[in-house]
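Structural overview for review
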Amino acid sequence: MIKVVVYDDNIGRLEGLELFINQAPDMRCVGTFENCRDVVNQVDKLRPDVVLMDIDMPEVNGIEGLKLIRQYFPNVLIVMQTVFEEEEKIFEAIRSGAHGYFLKKTSPQKLIEGIRDAMEGGAPMTATVARKVLEIFKTQSSSGAKAQFHLTSRELEILAYLVKGLSYKMIADSCNITWHTVNFHCKNIYEKLHVHSATEAVAKAIENKIV
């Protein structure tokens, strides 16, 4: 069972997400909270596999909560949620180690699929967020030489798909290879880039103009 903790300052949304998560056969919501004021103790006590994190919350917001979780619990996966498509917040979340990014208007089923995708090593993103990431990438890639990390042509191809927000399964279908082959290549990509997740690889690709 995938253990999920949800942070959101909207009580109705918290209850709704808890219901949808508990209806999934492979998931269980083990905690819901309205802000990240006590996030370190909460995550330490509940030990979730995935945190579904709202960005805009009172007292301690989701970006700060994300940073705290990444600092103290680097193996916990964090999928961000927001009503906004602001480039600055999106990129700050990705640079801070978020494993996925969804708009709140995303359907509950897509969120559930995104949690599963994050567990499989992907970087799930709402399509509009993925487009924003590409816009950031194009802007930052417009000048300067590309950094060299000695990635193979296949690794560069897969990294480019990660930047577009594709899941491992979607990459496998696009490249006509198996999910396990994608996973193998991604492990090599992470090792060469000195990162630990798909979103960290995306952030590094953008910052260093790799693809």
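Everything below is about the structure shown above.
A few points on the structure. Predicted, not measured: the structure shown is a model, and the values here were computed from it.

**Some points on the packing of helix α7 (residues 153-163) against helix α9 (residues 179-193)**
Where α7 contacts α9, the axes come no closer than 10 Å and their chain directions differ by 90°. Taken together, α7 and α9 sit at an angle that is classed as roughly perpendicular. Across the interface between the two elements, Arg154, Glu155, Ile158, Leu159 and Leu162 from α7 touch His185, Cys186, Asn188, Ile189, Lys192 and Leu193 from α9. Residue composition of the contact of α7 with α9, by class: six nonpolar, two polar and three charged.

**Considerations on unusual backbone geometry**
The backbone of Arg47 sits at a positive phi, close to 50°, despite the residue not being glycine. Relative to the assigned elements, Arg47 resides in the loop between α2 (39-46) and β3 (50-54). Despite not being glycine, His194 has its phi angle at roughly 60°, a positive value. With respect to the secondary-structure elements, His194 resides in the loop between α9 and α10 (198-208). Here His194 falls in the exposed class, since its relative accessible area comes to 63%.

**Points about the pattern of salt bridges**
Taken as a whole and judged by the stated rule, the model has eleven salt bridges. A salt bridge links Asp8 to Lys104, with the nearest nitrogen and oxygen atoms 3.2 Å apart. In this pair, Asp8 sits in the loop between β1 (2-7) and α1 (11-23) while Lys104 sits in the loop between β5 (100-103) and α5 (108-119), placing the two residues 96 residues apart along the sequence. Across the pair, Lys104 and Asp8 agree in class, each one buried. Several salt bridges converge on common partners, so that one network encompasses Asp8, Arg13, Asp54 and Lys104.

**Details of the sheet that holds β3**
Backbone hydrogen bonds hold the strands of a sheet together, and the pairing may be parallel or antiparallel. Ordered in space as β2-β1-β3-β4-β5, the five strands form an open sheet in which the pairing is parallel. The open sheet has two free edges, formed respectively by β2 (27-33) and β5, since each of these has just one partner strand. The sheet shows a mean angle of 20° between the axes of neighbouring strands, direction not considered. Note: β3 against strand β4 (residues 77-82), five bridges, orientation parallel.

**Digging into the pairing of β2**
Sheet analysis places β1 next to β2, joined by six bridges and oriented parallel. If you follow Val5 over to β2, its bridge partner there is Gly31. You can see the chain leave β1, run along α1 and come back into β2, and the turn it takes is right-handed.

**Focus on the packing of α7 against helix α8 (residues 168-175)**
For any two helices packed against each other, the geometry comes down to the angle between their axes and how far apart the axes lie. Running from amino to carboxyl end, α7 crosses α8 at an angle of 130°, the nearest separation of the two axes being 10 Å. Considering their axes alone, α7 and α8 lie oblique with respect to each other. Between α7 and α8 lies a crossing of right-handed hand. Here α7 contributes Arg154, Glu157, Ile158, Tyr161 and Leu162 to the contact with α8, which in turn contributes Tyr168, Ile171, Ser174 and Cys175. In terms of residue class, the contact of α7 with α8 is made up of six nonpolar, one polar and two charged.

**Considering the nonpolar core**
In globular proteins that are soluble, nonpolar side chains generally tend to be buried together. Judged by nonpolar contacts, the single largest core of 53 residues is most densely connected at Tyr7, Met53, Ile69, Met80, Leu159 and Leu193. A total of six residues in this core trace back to one element, the largest contributor, which is α10. Excluding residues that lie within four positions of it along the chain, Leu193 makes contacts with Phe149, Leu151, Leu159, Ala201, Lys204 and Ile210. If you look at the next biggest cluster of nonpolar residues, it comprises 18 residues, including Ile2, Cys29, Leu77 and Val79.

Cut-offs used in this document
- Residues numbered from 1 in each chain as written.
- Predicted model: local features only at pLDDT ≥ 70, side-chain atom pairs only at ≥ 80, totals over all residues.
- Heavy atoms only, no water.
- Axes fitted to C-alpha atoms, helices over the stretch in contact; angles between N-to-C directions.
- Helix = DSSP H or I, 4+ residues; strand = E, 2+ residues; numbered from the N terminus.
- Parallel < 35°, antiparallel > 145°, perpendicular 65-115°, else oblique.
- Contact = heavy atoms within 4.5 Å.
- Nonpolar A, V, L, I, M, F, W, Y, C, P; charged D, E, K, R; others polar.
- Buried < 20%, exposed > 50% of the residue type's maximum accessible area, 1.4 Å probe, protein only.
- Salt bridge = Lys/Arg side-chain N within 4 Å of Asp/Glu carboxyl O.
- Pairing = 2+ DSSP bridges.
- Right-handed = clockwise from strand over helix to strand, strands pointing away.
- Left-handed = near helix turned anticlockwise from the far one by under 90°.
- Core = buried A, V, L, I, M, F, W, Y, C linked by side-chain atoms within 4.5 Å.

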